[in-house]
Number of protein chains: 2
Amino acid sequence: MTTTLRDRRRRQTEQDICAAALALFEQHGVAGCTSDDIAAAAGVSSRTFYRYAVTKERAALLVQADIEDAFEAGVAALRPTEPLLPQLESLWTEVLRRHENGRSASGRQLRSLYRLLRTEPTLRAAAVAVDDERRAGFTALLAELTGAAPSDPTPRVLVEVTTAVVRAALDRWSEAMDDPATYGEPDLVTLYGEAVTAFRAMTQP
Amino acid sequence: MTTTLRDRRRRQTEQDICAAALALFEQHGVAGCTSDDIAAAAGVSSRTFYRYAVTKERAALLVQADIEDAFEAGVAALRPTEPLLPQLESLWTEVLRRHENGRSASGRQLRSLYRLLRTEPTLRAAAVAVDDERRAGFTALLAELTGAAPSDPTPRVLVEVTTAVVRAALDRWSEAMDDPATYGEPDLVTLYGEAVTAFRAMTQP
DNA sequence: GAGCATTGTGGCAGTGACTGCCAACTAGAC
DNA sequence: GTCTAGTTGGCAGTCACTGCCACAATGCTC
C-alpha cells in the first residue's frame, strides 16, 4: 500500500470540507454562511479548515482540483514535436469526459459548483483566481517541455487560448443548468466540441 | 460644459485613490499597508475609500478601467457583418497603443500596476476577477450586436480567445519589465503583435 | 511495542477588511 | 433662497484570516 493512513485522512477531510462548503453555499448562499459554519459541518476546527481551504470560497473549488491535476499530467505527456493545439484540444476533451460523470459524487459536486458560479460573484472571483494560478503552472510546464526560449510567446498563447475555449464551454454549461429550455440536455463534452468548432470557424474564414 | 462639478470631483478622488494605492503598494507591498493608509494618503475617509474602490486591491486596478472602457466602446462600433476576429485584433492594437504611452501619468501608472502584478498574488487575483467581469460585459454586448442566438457559443469564444491573446502579451510585458535582459526594450504593442503572430502560427500549421 | 521524529490539529488572541446606519454637508434645480 | 438629491465621514459591528503554541496522532526504527 503506497498510500499511508495520513494521506487517506487528508484526502477525506479535504473532501468533507469541500462537500460541506458546496452544501452550505447552495443552501444559504456564500454570504449566508460563515467559514466557521463550514468547518463545523465538515467536523473540523476553524483553524484546520483554513489550512485546507486557504479561503472560505476556495473550499468549494477543491472539487475541480482533480480536473486541473489531470490536465497538468496530460500536458507533461504531450509530444512536443507534433502540433500542440490539436493535442491540447483532445486532452481537454478526454479530461472533461472523464470528470463530467453526472452519476458519480464528484460529478454531481462539479455541477453544483458550476451552478453556484453563475449566481455567486465572490465564488466566481475565487474560481478565476485559482484558474489563473493553474494556467501559470501549465505554461511553465509546456515551456519546459517544448524547450521554448523564455521570450517565446508560444507556450503562453497556447495555454491561454485553449483554456479560453474551455472557459467558454464551461460558462455555457453553467448557463444551461439554469435554463434547460434554450439548450437541450446540457452535456459538457458536447458543449466543448461546439466551442472548438466555433473557434475553428472564426480562425479559418 | 456637460461635465458637472460633481463629476469632476468624483473623477479626481478616483484618480487620487488609485495613485495612492499604487504608490503605497509599490513602497510597502500590498500586505504592508492597510486600506486606511491608502485612504489617508488619498485624503479621504476610509468609508468613502471603499465606496470608490470596493476592495483594497481594486483601488490599484482603477487605472485600467479606461482601457477596458475604450475596448467596450470599440466593440459597440464593430461591423457585425464582416469577420470579427480581425476587427477585434485591430481594436485591441489600437486601444493598447493609445494607452501604453510611457510618458503620460496614467501610462506610468499602468506600468507600475503590471510590475506589481508579477509579485503580488492577491493583486493579481483581484485583477483577473475584474477582467472576468468585464469580459462578461463584452460578450453580452457582442452577442447583442451580432444578434446571435443565446445558445450560440461564438460571441463567448470570440471574446475569450481575443482577450486570451491580450493576456499573454500583458503577462510577457510584466515579465519584461523585471527582466530587460531577455527581452529588449519592452513595447506592449509589439508584444501583442508577436502574440497574435504566434496565435496565427498555431492555428494554421 | 517502546521511543523518537514528523506531521496534523485545536484553541486563542489579534489584526484588519468590509458594511449598515445615520448625521452633516454640498452641488444642482427651480 | 430653498428644496432635493447625491456625497461624505464616523461609528460600531461582523467576520475572514493568521501566528503562535500546546497537544495528539502517525510513521519509523530498533
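These figures come from a predicted structure and were not determined experimentally.

A. How the structure looks around the environment of T93(A). Residue and element names in this part refer to chain A. Take T93: it is sitting in helix α6 (residues 84-99). For the pair formed by T93 and E14, sequence separation is 79 residues and the distance between their alpha carbons is 27 Å. Sequence-distant contacts of T93, defined by excluding residues within four places in its chain, comprise V189 and Y192.

B. Local environment of the UniProt feature "DNA-binding region" (unreviewed entry) in chain A. Feature annotation in UniProt assigns "DNA-binding region" (unreviewed entry) to the following positions: residues 34-53 of chain A. For residues 34-53 of chain A, helix accounts for 75% and strand for 0%, while the C-alpha atoms at its two ends are 13 Å apart.

C. Expanded view of the environment of A181(B). As for its placement among the helices and strands, A181(B) is situated in the loop between α9 (154-178) and α10 (188-203). Taking the C-alpha atoms as reference points, A181(B) and A129(B), separated by 52 residues in sequence, lie 31 Å from one another.

D. Structural view of the protein's contact with DNA strand D. Around DNA strand D, a shell composed of 19 residues is seen, among which T4(A), R9(A), R47(A), K56(A) and T48(B) lie nearest. Restricting the count to atoms of DNA strand D within 4 Å of the protein gives a sugar and phosphate share of 56%. The side chain of T48(B) places a nitrogen or oxygen atom 2.7 Å from a phosphate oxygen of DNA strand D. The set of elements that each furnish at least two residues to the surface near DNA strand D consists of α1 (5-28) and α3 (46-53) of chain A together with α1 (5-28) and α3 (46-53) of chain B.

E. Local environment of the domain arrangement of chain A. Residue and element names in this part refer to chain A. Here the domain parsing of chain A yields domain 1 (5-56) and domain 2 (63-203). On the side of domain 2, 9 residues touch domain 1, which itself brings 7 residues to the contact. In total, about 680 Å² of surface goes out of reach between domain 1 and domain 2, with carbon and sulfur atoms giving 69% of it. A per-residue breakdown of the area domain 1 buries against domain 2 is headed by L22, E26 and V30, which together make up 64% of the total. On the surface where domain 1 and domain 2 come into contact, there are 0 salt bridges. Split by residue class, the side of domain 1 that touches domain 2 holds 5 nonpolar, 1 polar and 1 charged.

F. How the structure looks around helix α7 (residues 105-119) of chain B. For α7(B), built from 15 residues, the straight-helix expectation of 21 Å at 1.5 Å per residue is met to within 8% by its first-to-last C-alpha distance of 22 Å. Of the surrounding secondary structure, the elements contacted by the buried residues of α7(B) are α1, α4 (58-61), α5 (65-76), α6 (84-99), α8 (121-146) and α9 of chain B.

G. Structural view of the UniProt feature "domain: HTH tetR-type" (unreviewed entry) in chain A. Annotation from UniProt places "domain: HTH tetR-type" (unreviewed entry) at residues 11-71 of chain A. For the annotated span residues 11-71 of chain A, helix accounts for 72% and strand for 0% of the residues, and the straight-line distance between the end C-alpha atoms is 20 Å.

H. Region of the structure containing the side chain of E57(A). Residues and elements named next belong to chain A. Within the secondary structure, E57 is located in the loop between α3 and α4 (58-61). Of the side chains with opposite charge, K56 comes closest to the buried, unpaired E57, at an N-O distance of 4.9 Å. With residues near it in sequence (within four places) discarded, E57 still touches F25, V30, T122, L123 and A126.

I. Just the side chain of K56(B), in detail. All names here are of chain B. Within the secondary structure layout, K56 lies in the loop between α3 and α4. A distance of 2.8 Å separates a polar side-chain atom of K56 from the backbone oxygen of V30. Those residues in contact with K56, other than ones at most four positions away along the chain, are F25, V30, A31, C33, S35, I38, F49 and Y50.

J. Here's a closer look at the relation of the copies chain A and chain B. For the pair chain A and chain B, the superposition axis carries a translation of 0.0 Å, the fit reaches an RMSD of 0.1 Å, and the rotation angle comes to 180 degrees. The relationship between the two copies is best expressed as a two-fold rotation axis. Closest approach to the rotation axis among the C-alpha atoms of chain A is made by V161(A), whose C-alpha sits 2.7 Å away. Comparing contact sets, 100% of the residues at the interface of chain A also lie at the interface in chain B, consistent with an isologous, same-surface contact.

K. Looking closely at the protein's contact with DNA strand C. Close contacts around DNA strand C come from 19 residues, with T48(A), T4(B), R47(B), Y50(B) and K56(B) the closest. A share of 59% of the atoms of DNA strand C within 4 Å of the protein falls on sugar and phosphate groups. Between a base nitrogen of DNA strand C and a side-chain N or O atom of R51(A), the distance comes to 2.8 Å. One of the side-chain N or O atoms of R6(B) is found 3.1 Å from a base nitrogen in DNA strand C. Looking at the surface near DNA strand C, the elements that each hand over two or more residues are α1 and α3 of chain A together with α1 and α3 of chain B. In terms of residue class, the surface near DNA strand C is built from 5 nonpolar, 6 polar and 8 charged.

L. Representation of the interface of chain A and chain B in the model. Listed per partner, the contact involves 33 residues of chain A and 33 residues of chain B. Counting the surface lost from both chain A and chain B, the interface buries some 3000 Å², and carbon and sulfur atoms represent 66% of this. It is R156(A), V157(A) and M202(A) that lose the most area in chain A upon contact with chain B, and together they represent 20% of the buried surface on that side. Across the contact surface, chain A and chain B share 10 residue pairs in polar contact (both at pLDDT 80 or more). Looking at the side of chain A that touches chain B, the elements with two or more residues in it are α8 (121-146), α9 (154-178) and α10 (188-203) of chain A. Ranked by residue count, the leading element in the side of chain A that touches chain B is α9(A), at 13 residues. For the side of chain A that touches chain B, the per-class residue count stands at 17 nonpolar, 5 polar and 11 charged.

M. A look at α3(A). Residue and element names in this part refer to chain A. Of all the residues in α3, the buried ones are F49, Y52 and A53. Down the axis of α3, the smallest arc covering the buried residues is 80 degrees, so these residues share one side. Opposite its buried face, α3 presents the exposed residues R47 and R51, each directed more than 90 degrees away. Summarising the contacts, the buried residues of α3 are in contact with α1, α2 (35-41) and α4. Backbone geometry just after α3 places V54 at a positive phi near 70 degrees.

Reading guide: rules and limits
Residues numbered from 1 in each chain as written. Chains lettered and ligands numbered in written order. Predicted model: local features only at pLDDT ≥ 70, side-chain atom pairs only at ≥ 80, totals over all residues. Heavy atoms only, no water. Helix = DSSP H or I, 4+ residues; strand = E, 2+ residues; numbered from the N terminus. Contact = heavy atoms within 4.5 Å. UniProt positions renumbered as here; feature names shortened; annotations may be inferred. Near = heavy atom within 4 Å. Polar contact = N/O pair within 3.5 Å; in protein donor to acceptor, adjacent residues only side chain to side chain. Domains from an automatic or database assignment. Buried area = accessible area lost by both parts, 1.4 Å probe. Salt bridge = Lys/Arg side-chain N within 4 Å of Asp/Glu carboxyl O. Nonpolar A, V, L, I, M, F, W, Y, C, P; charged D, E, K, R; others polar. Expected span 1.5 Å × (residues − 1). Buried < 20%, exposed > 50% of the residue type's maximum accessible area, 1.4 Å probe, protein only. Lys, Arg positive; Asp, Glu negative; His and termini not counted. Least-squares fit on C-alpha atoms with pLDDT ≥ 70 in both. Arc of directions from axis to C-beta.

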